[in-house]
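# Examining the three-dimensional arrangement
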Amino acid sequence: MRKYYFFTILVTALLFTACKDGILGNLLPNKAPDTHTIIEVINRSGGTRFPSSVKIQWWGDDPDGYVQSYQYTFDYPVTASAHWHAITGNDSLFSLTTPAGIDTADFHFSIRAIDNEGLADPTPASVAYPVKNSNPSVQFI
């Protein structure tokens, strides 16, 4: 029993004397997150275009923290003055309305991750969705 008592005192003494300096080194700067979409390119034309309602999915990775939210835009090209919309999920259903008098259009979707320190992905993920205006429909129940 005395051996265990002596061993416990020795280990406790070593623990208290070994960690007197704390953590040493320099704090690294925050790294930007990286954003991805499920698909990168869509090749559809004519009658094979998407209907005007499109489900889009994405995700983000942050090497030194976590992704807190996302921002998306349909502005094209994406510039410093782009109008970004906040979103917290990893997918959404978008209703894309073609301009008046045109039944087909390409919608450029860009999404960027925002990390836990508020830093945005400087290279948002982007994909163009070729859309054909859906025919109206009515259902009576």
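Refer to the structure printed above.
A short tour of the structure in this document, coming up. Quantities reported herein were computed from a predicted structural model and do not represent experimental measurements.

### Describing unusual backbone geometry
Between Tyr-76 and the following residue, Pro-77, the backbone shows a cis peptide bond with an omega angle of -5°. Of note, Pro-77 is situated in the loop between strand 3 (67-73) and strand 4 (85-87).

### Points about the nonpolar core
Judged by nonpolar contacts, the single largest core of 19 residues is most densely connected at Trp-58, Phe-109, Ile-111 and Tyr-129. Among the elements of the structure, strand 2 (53-61), strand 3, strand 6 (104-115) and strand 7 (125-132) are those that each provide at least two residues to this core. A total of five residues in this core trace back to one element, the largest contributor, which is strand 6. If we skip the residues at most four places from it in the chain, Phe-109 touches Ile-56, Trp-58, Tyr-72, Thr-73, Phe-74, Phe-94, Ala-125, Ser-126, Val-127 and Tyr-129.

### A few points about the side chain of Arg-112
Locating Arg-112 in the fold gives a position in strand 6. In this structure Arg-112 is buried but unpaired, with Asp-121 as the nearest side chain of opposite charge at 8.4 Å. A distance of 2.6 Å separates a polar atom in the side chain of Arg-112 from a polar atom in the side chain of Gln-71. In this structure Arg-112 touches Thr-35, Ser-69, Tyr-70, Gln-71, Trp-84, Ala-120, Asp-121 and Pro-124, once residues within four positions along its chain are discounted.

### Considerations on the packing of aromatic side chains
Applying the stated criterion across every chain, the model contains eight aromatic pairs. Geometrically, the ring pair formed by Tyr-72 and Phe-74 is edge-to-face, given 6.1 Å between the ring centres and 75° between the ring planes. The class of Tyr-72 is buried, set by a relative accessible area of 17%. Consider the rings of Phe-74 and Phe-109, whose centres lie 5.4 Å apart with planes at 55°: the pair is tilted. Note that Phe-74 is positioned in the loop between strand 3 and strand 4 and Phe-109 in strand 6, a separation of 35 residues in sequence.

### Considerations on the side chain of Asp-121
Mapped onto the fold, Asp-121 is located in the loop between strand 6 and strand 7. Within the structure, the side chain of Asp-121 is placed 2.8 Å from the backbone nitrogen of Thr-35, a separation counted as a polar contact. What Asp-121 contacts, discounting residues up to four positions off in sequence, is Pro-33, Asp-34, Thr-35, Arg-112 and Ala-113.

### As for the sheet that holds strand 4
The strand order across the open sheet formed by four strands is 4-3-6-7, and the pairing between neighbours is antiparallel. Strands at the two margins of the open sheet, each flanked by one partner only, are strand 4 and strand 7. Taken over all neighbouring pairs, the strand axes of this sheet differ in orientation by 30° on average, direction set aside. Of the strand pairs in this sheet, strand 3 and strand 6 are connected by six bridges, and their pairing is antiparallel. Its bridge partner being in strand 6, Ser-69 is matched across the sheet by Ile-114.

Cut-offs used in this document
Residues numbered from 1 in each chain as written. Predicted model: local features only at pLDDT ≥ 70, side-chain atom pairs only at ≥ 80, totals over all residues. Heavy atoms only, no water. Helix = DSSP H or I, 4+ residues; strand = E, 2+ residues; numbered from the N terminus. Core = buried A, V, L, I, M, F, W, Y, C linked by side-chain atoms within 4.5 Å. Buried < 20%, exposed > 50% of the residue type's maximum accessible area, 1.4 Å probe, protein only. Contact = heavy atoms within 4.5 Å. Lys, Arg positive; Asp, Glu negative; His and termini not counted. Salt bridge = Lys/Arg side-chain N within 4 Å of Asp/Glu carboxyl O. Polar contact = N/O pair within 3.5 Å; in protein donor to acceptor, adjacent residues only side chain to side chain. Phe/Tyr/Trp six-rings, centres within 6.5 Å; stacked < 30°, edge-to-face > 60°. Pairing = 2+ DSSP bridges. Axes fitted to C-alpha atoms, helices over the stretch in contact; angles between N-to-C directions.

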